[in-house]
Amino acid sequence: MKALVNLSLGVVLLGMASAANAEWRRFETAHFIIYSESNEEKATQFATRLESIDSLMHMATNLADDVEPVKVRIYEVADEAAVQAAIDAPDSGIVGFYTSNSMGPYAVTLRRIVADVGYFPPELVLHHEYAHHFMLQYFPASYPLWYTEGFAELIGASKVESNGKVDYGFPAKYRGNSIVASWVPMRDVLLKPIDKLRGFDPYAQGWAITHFLTFNKERAQQLRQFLAALSSGRTPEEAAKAFGDLDQLDREARAYVGRGSFEYRPVKPPVAEPVIKRIELVPPAEAALIPETIAFSDTSLDAYRKAGDREDERKRRARVLERVREEVARYPNDPYALYLLAEVENAEGNAAASEAATDRLLAIQPNNARALSRKSELLSDAAAKLAGQARTDKAAQARHLAVLANKADPNEPRALVAFYESFRAIGARPTKDAITGLEAAVATLPRDIGIRQMLVDQYSSERRWADAIRTLGPIASALDKSPLSVAIRQKMDWLKEQLAKQQGAPAAPAKAN
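Residue numbers here run from 1 along each chain, matching the order of that chain's written sequence. Local features are withheld for residues below a pLDDT of 70 in this predicted model, meaning they are given only at 70 or higher, and side-chain atom pairs are given and counted only at 80 or more; totals for whole chains, interfaces and linings count all residues. Side-chain numbers come from the whole structure's heavy atoms, not from hydrogens or water.

### Let's talk about the sheet that holds strand 9 (residues 265-267)
Point 1. In spatial order, the strands read 7-8-9; together these three strands make up an open sheet with antiparallel pairing. What marks the edges here is a single partner per strand, and that holds for strand 7 (159-160) and strand 9.
Point 2. The pairing criterion is simple: DSSP has to find at least two bridges between the two strands. Secondary structure is summarised from DSSP: a helix means a run of H or I of at least four residues, a strand means a run of E of at least two, and numbering begins at the N terminus for each. Bridge count for strand 7 against strand 8 (residues 166-168) is two bridges, and the pairing is antiparallel. Of the residues in strand 8, the one forming a bridge with lysine 159 is aspartate 167.

Structure, rendered in structure tokens:
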């Protein structure tokens, strides 16, 4: 959608005013950790609306309430200028974004509006982006782009009323002109690759199609069958058979949109009370580093295939690192400051500086699971450069620290990644437990591209092409218009070629008894 950004592009918040002089607080709910300068009353109102949207999606997808969530950090910044400074895009109309890095998933939104933001108010953007997170977290699959964006728009456009009800399916009136002007036949939408659909708007028509297929009882069942077929590896042609006559489907969808009257359901999603479970004052160092925390990106620069994009991102990260170093100099013994410094230095390839920051943090907090995990990964990287017994011994040290990190916090996904890395870094075959741990880390951090690609490569090494495709699929369309999309889609094409070769290969000879 026009007013949001997929932050695999990275962000720059260096133009933001320092947060050190403001009183930031952390408001924790069942599914979110909200960082805000708002008072408790306003924070509670904001948190209630967020939890209502989460509850709505539980209802819409029949997801049980007892599923353990991965809490998304939400940063409420002062105004739209601050959000736009985050991506170095002043006067762009952008009012929010969602992304993930080694610290987990997070989103940035506005605390207040100081200018007209047109059709895309901040909460619409936030709810749209959270819908993407929700689907990646709980229902990861290779969805077509029209459905990925259509579902997110269906949720984003749903209005939260003052009485606590949510108007599920409220019409996205701001998409009206685009739907009418750029309608693409359903046959083409369902069967053709996205890059072959000239003039197709996945947000506008994607919303219209998803709305129609959701609120028409007969078609809703067909939609479920279609998505299930795609997820099981069926071709678009095979999956689309769920809808029957595609020309009739197109006529019905056009008529539905042409009436201009869309059904929506006012529902009251249950929200547990109290909404806010815990309130904490954000320590001065962490508050001062909020701009840099939001700006931090650790996606491999190799994924930026265009030299210009890669160089712009490299310069942006260098500026972020400089600011982090400056702030950490002010708080040399603060655990959060040292942790962020270690992560940013590592992402920049500065292993010695990252290890120094990690060691300082471990001297203060010996059982810090994230610090132990980072130290483990640094030792694995060092082991990869050694040979013989020294290589094996260094990897064993890394593995030991990963185990300690897991014991310190069994829910820390980076410890699972570090354990896997202690094998991979030296070319050793990962154990079954290591692979299972990596799979769990991907499930916990679904938007972390680096970890997900690590698992894709593991499956590829085992010639488990279908599993590799299934793992890469959820982010292949989610990176639309991102510099990373080219690399991801090239990888997907290669995996599909390998699967086709495997399926077309003659059967292996039977083993003798």
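Here the narrative resumes.
### So, the pairing of strand 5 (residues 97-101)
Point 1. Burial classes follow relative accessibility: with a 1.4 Å probe on protein chains only, a residue under 20% of its type's maximum area counts as buried, one over 50% as exposed, and anything between as partly exposed. Burial analysis of strand 5 places five of its five residues in the buried class, which makes it a mostly covered element.
Point 2. Alternating positions in strand 5 separate into two faces, Phe97, Thr99 and Asn101 on one and Tyr98 and Ser100 on the other, with burial throughout.
Point 3. Of the pairings in the sheet, the one linking strand 5 to strand 6 (residues 104-110) comprises five bridges and is antiparallel in character. Within the sheet, the bridge partner assigned to phenylalanine 97 lies in strand 6 and is valine 108.
Point 4. Between strand 5 and strand 6, which follow one another and run antiparallel, lie two residues.

### Focus on the environment of isoleucine 294
Point 1. When you line up the elements, isoleucine 294 lands in helix 12 (residues 290-295).
Point 2. Separated by 195 residues in the primary sequence, isoleucine 294 and threonine 99 have C-alpha atoms spaced 9.3 Å apart.

### With respect to the pattern of salt bridges
Point 1. Only one rule defines a salt bridge in this text: a Lys or Arg side-chain nitrogen within 4 Å of an Asp or Glu carboxyl oxygen. Counting across every chain of the model gives 30 salt bridges.
Point 2. Arginine 374 is the salt-bridge partner of glutamate 343, the closest N and O atoms lying 2.9 Å from each other. With glutamate 343 in helix 14 (residues 335-347) and arginine 374 in helix 16 (residues 369-383), this pair connects stretches of sequence that are 31 residues apart. For the pair glutamate 343 and arginine 374, one class covers both residues: buried.
Point 3. For arginine 414, the salt bridge identified is with glutamate 377, shortest N-O distance 3.3 Å. With arginine 414 in helix 18 (residues 413-424) and glutamate 377 in helix 16, this residue pair connects regions lying 37 residues apart in the sequence.

### Thoughts on the pairing of strand 2 (residues 25-28)
Point 1. Burial of strand 2 is two-sided: the residues Arg25 and Phe27 facing one way and the residues Arg26 and Glu28 facing the other way are all buried.
Point 2. The sheet contact formed by strand 2 and strand 3 (residues 32-36) spans four bridges and is antiparallel. Each bridged residue has a counterpart across the sheet, and for arginine 25 the counterpart in strand 3 is serine 36.
Point 3. In terms of strand pairing, strand 2 meets strand 10 (residues 278-281) through four bridges, oriented antiparallel. Looking at strand 10, one finds that arginine 26 is bridged to glutamate 280.

### Considerations on the packing of aromatic side chains
The way to describe two aromatic rings as a pair is by their centre distance and the angle between their planes.
Point 1. Two rings from Phe, Tyr or Trp (for Trp, the six-membered ring) form a pair when their centres are within 6.5 Å of each other. A pair whose planes differ by under 30 degrees is stacked, one over 60 is edge-to-face, and the rest are tilted. Within this structure, the stated rule accounts for 19 aromatic pairs.
Point 2. Judged by centre distance (5.5 Å) and plane angle (75°), the ring pair of tyrosine 256 and phenylalanine 262 falls under edge-to-face. Phenylalanine 262 carries the same exposure label as tyrosine 256, and that label is buried.
Point 3. Between tryptophan 465 and tryptophan 494, the ring centres sit 5.4 Å apart and the planes meet at 85°, which makes this aromatic pair edge-to-face. Here tryptophan 465, found in helix 21 (residues 465-476), pairs with tryptophan 494, found in helix 22 (residues 485-504); they are 29 residues apart in sequence, far enough to count as distant.
Point 4. The exposure class of tryptophan 465 is buried, given its relative accessible area of 5%.
Point 5. Put simply, the rings of Tyr143, Trp146, Tyr147, Phe151, Phe226 and Phe243 pair up and form one aromatic cluster.
Point 6. Against the face of phenylalanine 170 rests lysine 159, its NZ or CZ located 4.8 Å from the ring centre. Consider the ring centre and the ring normal. A charge sits over the ring if Lys NZ or Arg CZ is within 6 Å of that centre and within 35 degrees of that normal.

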